[in-house]
Amino acid sequence: MKKLFAVILTVAMVAALFAGCGAKEAPATEAPTAAPAAAMTVTPGKLTMATSADFPPYEFTNDDGSFAGIDIDIAQAVAEKLGMELEVLDLGFDAALLAVQNGKSDIVLAGVSVTEDRQLVMDFSDSYATGIQKVIIKEGSDVTMDNLGEKMIGCQKATTGYIYASDTPENGGYGEDHVIAYEDGATAVQALLNGQIDCVIIDGAPAEAFVDANPGLAMLDGTWVEESYAIGIAKGNAALVEAVNAALAQLKADGTLDAIVAKYISAE
């Protein structure tokens, strides 16, 4: 299911890995990605990430208040490649999307899908994952992929799930009168359990987590929508886009991205 995004300040070039007085020459395969001086960030030396930590396994809050999840780990790995310290801002999804536009953060990772409308207000990195939206129902429900337009659907507000589902039937949606927007996915799922709605449309990995945690829920077979997840970056900050893409390319090449996903999502 998921998912609208200006920044100015200077960041120094990062020294090459293992460089320094008396240091031995670093292996050529582990050269870091230096953040260009033109890649401006909100706070020099920091990469500030906006997110909405209510979207497991992409981002969530541990019992001790720390943040974890696929997006958190990816942002941490990118920050390390750029020689920066990661700072995480936990906002509502809507606010997280706006944070980059308003100069409150450098990037946004929150299971953000790339759409034409979002590309008008922010730039995006290369895709780092594929998002598959699913439909959660109660076990024994008569809801099917074919009769969703006759049901009441819950979605997290401002997400692509809500945007697509609430669109007009002429545009492939079901109309606003068939969709209710909730602050987060957990609230939508609770409304389903309470019988207030007939189903929830949300991204596949969170859908599995919600179903596993709530006996009596199930997912419809098939994919409702398939999208690409990417890192949202302030419009016009081409240097930061370039640096983030270079870091992502290294993380893909050395297997780090696959390892991060495998840490949170079973291969089964």
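Residues numbered from 1 in each chain as written. Predicted model: local features only at pLDDT ≥ 70, side-chain atom pairs only at ≥ 80, totals over all residues. Heavy atoms only, no water.

Asker: Would you take a moment to explain the sheet that holds strand E3 (residues 59-61) for this structure?
Answerer: Two modes of strand pairing occur in sheets, parallel and antiparallel, and in both the strands are linked by backbone hydrogen bonds. If you walk across this open sheet you meet the three strands as E2-E3-E4, and the pairing is antiparallel. Edge positions in the sheet fall to strand E2 (54-55) and strand E4 (67-68), since each of these pairs with one other strand and no more. Pairing geometry for E2 and E3, over two bridges, is antiparallel. Looking at the pairing, Phe-55 lines up with Glu-59 of E3. (Pairing = 2+ DSSP bridges. Helix = DSSP H or I, 4+ residues; strand = E, 2+ residues; numbered from the N terminus.)

Asker: What is the right way to look at helix H6 (residues 204-213) in this model?
Answerer: What sets the pattern is the α-helix's 3.6 residues per turn: residues three or four places apart point alike. Along H6, the positions that sit buried rather than exposed are Gly-204, Ala-205, Pro-206, Ala-207, Phe-210 and Val-211. Of the surrounding secondary structure, the elements contacted by the buried residues of H6 are E2, strand E8 (129-138), helix H5 (185-193), strand E11 (199-203) and strand E12 (217-219). (Buried < 20%, exposed > 50% of the residue type's maximum accessible area, 1.4 Å probe, protein only. Contact = heavy atoms within 4.5 Å.)

Asker: Can you walk me through the sheet that holds strand E1 (residues 46-51) in this structure?
Answerer: What the five strands build is an open sheet, ordered E5-E1-E6-E14-E7; its pairing is mixed. Of all strands in the sheet, those bounded by a partner on one side alone are strand E5 (85-90) and strand E7 (122-124). Here E7 runs beside strand E14 (residues 232-234); their pairing, made up of three bridges, is antiparallel. Opposite Phe-124, over in E14, you have Gly-232 as the bridge partner. Packing against the sheet, helix H7 (residues 238-253) makes contact with E1, E7 and E14, and its axis sits at approximately 150° to E14. (Axes fitted to C-alpha atoms, helices over the stretch in contact; angles between N-to-C directions.)

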